[in-house]
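Understanding the architecture of this molecule
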Amino acid sequence: SNMKNFKNINIDKISYPILFTNTKIFYMFRKHILLQDFIFYLKNFDIIIIENALNNISYPLCFLNKKEIILWGHGKDFSVVNPSLLKKAIERFKLFLCKKSNGFFAYTKGVKKILMNNNIEEKNITVLNNTIDILSNRKKYLSIKNKMQNNKRISHHTLLFVGRLNKRKRLEYLLDAFILLRTINPNYEL
């Protein structure tokens, strides 16, 4: 952890050891790439839990050690509609690392299905349910939609966006879709 980002935390009250790490930022392919020095201290640990991401090159470098590695994350990048060849190669490499890891903490059951469809063994996947499960919410949406079509009375509905507020979340698309929805049915709120 880089404690500069956590000014209000009293380190003395934390009962477990904290490994302070320095972060270097490089720019490649018009993106910032991180390198953290925690990789030089991995010999002190039995299990390493890292994000299934490549924006921090320290993560794949962890695999050079003979330690157990558990990945966590989405299983794939859902934000890219038409991936470039580079993006496809990056996603394949992330999948390769998934197969080399000792386990995977998946955000949802849907992520687990994606991993299993890519030949990751079910016994190596643990679902954390720490985000919205799109598959179960889609079922609920279809159920509500069917009820609305069968019921002529239209009630009030609230849509909730959960996610980071950054360019990759395509918020303009969300807003455009919501404006269109409001023209069809003014009973929706975002």
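Residues numbered from 1 in each chain as written. Predicted model: local features only at pLDDT ≥ 70, side-chain atom pairs only at ≥ 80, totals over all residues. Heavy atoms only, no water.

Points about the pairing of strand 3 (residues 47–51)
- Residues I48 and I50 line the buried face of strand 3, whereas the alternating positions I47, I49 and E51 sit on a face that is not buried.
- Of the pairings in the sheet, the one linking strand 3 to strand 4 (residues 68–73) comprises five bridges and is parallel in character. Looking across to strand 4, one finds that I50 is bridged to L71. (Buried < 20%, exposed > 50% of the residue type's maximum accessible area, 1.4 Å probe, protein only. Helix = DSSP H or I, 4+ residues; strand = E, 2+ residues; numbered from the N terminus. Pairing = 2+ DSSP bridges.)

What about the confidence of the model for the protein chain?
- Overall, the prediction assigns the protein chain a mean pLDDT of 81, with 84% of residues at 70 or greater.
- With pLDDT under 50 throughout, residues 1–6 is counted as low confidence; its partners more than four residues away or in other chains account for 10 contacts. (pLDDT = per-residue confidence, 0-100. Contact = heavy atoms within 4.5 Å.)

Digging into the nonpolar core
- Within the largest apolar cluster, 22 residues are counted, with the highest numbers of intra-cluster contacts made by I50, C62, I69, L71, F104 and L115.
- Among the elements of the structure, strand 3, strand 4, helix 2 (85–100), strand 5 (103–106) and helix 3 (109–117) are those that each provide at least two residues to this core.
- Here this core gets three residues from one element, more than from any other, and that element is helix 2.
- Discounting residues that sit within four places of it in the chain, C62 has contacts with F38, I39, L42, I48, I50 and I69. (Core = buried A, V, L, I, M, F, W, Y, C linked by side-chain atoms within 4.5 Å.)

Topic: the pattern of salt bridges
- What the rule picks out here adds up to five salt bridges.
- In this structure, the salt-bridge partner of D77 is K87, at a minimum N-O distance of 2.8 Å. Separated by 10 residues along the polypeptide, D77 in the loop between strand 4 and helix 2 and K87 in helix 2 bring together distant segments of the chain. The pair D77 / K87 is uniform in exposure class, with both members buried.
- Of the charged contacts, one joins K94 and E91 as a salt bridge, the two residues approaching to 3.3 Å between their closest N and O atoms. Taken together, the residues span about one helical turn, with K94 and E91 both in helix 2 at a distance of three residues.
- Under the relative-accessibility criterion, E91 is labelled buried at 19%.
- Each of the salt bridges in this network shares a partner with another, and the network as a whole consists of D77, K87, E91 and K94. (Salt bridge = Lys/Arg side-chain N within 4 Å of Asp/Glu carboxyl O.)

Comments concerning the sheet that holds strand 3
- Taken together, four strands build an open sheet; the order of strands is 3-4-5-6 and the sheet is parallel. Each edge of the sheet is formed by a strand with only one pairing partner; in this case those strands are strand 3 and strand 6 (125–127). Recorded for the sheet is a direction-independent mean angle of 20° between the axes of neighbouring strands.
- With four bridges joining them, strand 4 and strand 5 adopt parallel strand pairing. Bridge pairing in strand 5 places L71 opposite F104. (Axes fitted to C-alpha atoms, helices over the stretch in contact; angles between N-to-C directions.)

Brief notes about helix 3
- Three or more residues of helix 3 are buried, namely G110, V111, K112 and L115.
- With a side-chain oxygen positioned 3.2 Å from the backbone nitrogen of G110, the residue opening helix 3 is T108.
- At the C-terminal side of helix 3, N119 shows a positive phi close to 65°. (Polar contact = N/O pair within 3.5 Å; in protein donor to acceptor, adjacent residues only side chain to side chain.)

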